[in-house]
Amino acid sequence: MIKSFMSGLLLAFAAIHTADATEYIYRDVMANTLPTAQCNIESVAKEVASKDATLQRYGKRVCQMQGYGWHLESVKESGTSVCNVCPGSNDKQKCYQEDMVVACKRIKPGTVGMLPGKG
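Residues numbered from 1 in each chain as written. Predicted model: local features only at pLDDT ≥ 70, side-chain atom pairs only at ≥ 80, totals over all residues. Heavy atoms only, no water.

Q: Lay out helix α3 (residues 52-64) with the relevant residues and their values.
A: Here α3 spans 18 Å end to end across 13 residues, near enough to the 18 Å set by a 1.5 Å rise per residue. Considered for burial, the residues of α3 that qualify are T54, L55, Y58, G59, V62 and C63. When α3 is viewed along its axis, its buried side chains cluster within an angular range of 155° and face the same direction. (Helix = DSSP H or I, 4+ residues; strand = E, 2+ residues; numbered from the N terminus. Expected span 1.5 Å × (residues − 1). Buried < 20%, exposed > 50% of the residue type's maximum accessible area, 1.4 Å probe, protein only. Arc of directions from axis to C-beta.)

See below:
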């Protein structure tokens, strides 16, 4: 009983120690999303373009385009909705978010894993 408690305690300390060692690099990036796939009336098209799921999906893509290891931390600003009239239809539009700001993060090199010549 005491042996299992001690091993659990050691594992907890090891997990805490490794979690503190990880450092991140942060970068804010501004980008536009792509227009919605379907033509809708303006109110619906703006709602689809500004949905949280849409912003998260495009934010993830923007961060991944920064290079290897970059991930989405958060969407800081959703930007403004901009709409374009669909060809052949005056009442339907495709919308996208302009100037969306996302925070991207990446693990700082050298803060995780074994370093050559150390310990």
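Back to the text.
Q: Run through unusual backbone geometry, naming residues and quoting values.
A: If you check the backbone angles, D99 has positive phi at about 60° while not being a glycine. Along the polypeptide, D99 turns up in the loop between β4 (93-98) and β5 (100-107). Here D99 falls in the partly exposed class, since its relative accessible area comes to 38%.

Q: Run through the pattern of salt bridges, naming residues and quoting values.
A: Evaluation of the coordinates by the stated rule reveals four salt bridges. Here K108 makes a salt bridge to E23, at a shortest N to O gap of 3.6 Å. With a gap of 85 residues between them, K108 in the segment after β5 and E23 in the loop between α1 (2-21) and β1 (24-31) connect regions that are remote in the sequence. Take K108: its relative accessible area is 37%, and that puts it in the partly exposed class. Its salt-bridge partner being K76, residue D28 comes within 2.9 Å of it at the nearest N-O pair. Here K76 lies in strand β2 (residues 71-77) and D28 lies in strand β1, a separation of 48 residues in the sequence. By relative accessible area, which is 47% here, D28 ends up partly exposed. (Salt bridge = Lys/Arg side-chain N within 4 Å of Asp/Glu carboxyl O.)

Q: Explain the state of the cysteines to me, and be specific about the residues and the numbers.
A: This structure, assessed with the given rule, holds three disulfides. Here C83 pairs with C95 through a disulfide, and the sulfurs are 1.9 Å apart. Its torsion about the S-S bond being 95°, the disulfide of C83 and C95 is classed as right-handed. Of the two residues, C83 is situated in strand β3 (residues 80-85) and C95 in strand β4; the sequence distance between them amounts to twelve residues. The class for C95 is buried, based on a relative accessible area of 0%. Here the cysteine-cysteine linkages of the protein are recorded as 1-4, 2-6, 3-5, numbering only bonded cysteines and doing so in sequence order. (Disulfide = S-S within 2.5 Å.)

These figures capture arrangement, not role.
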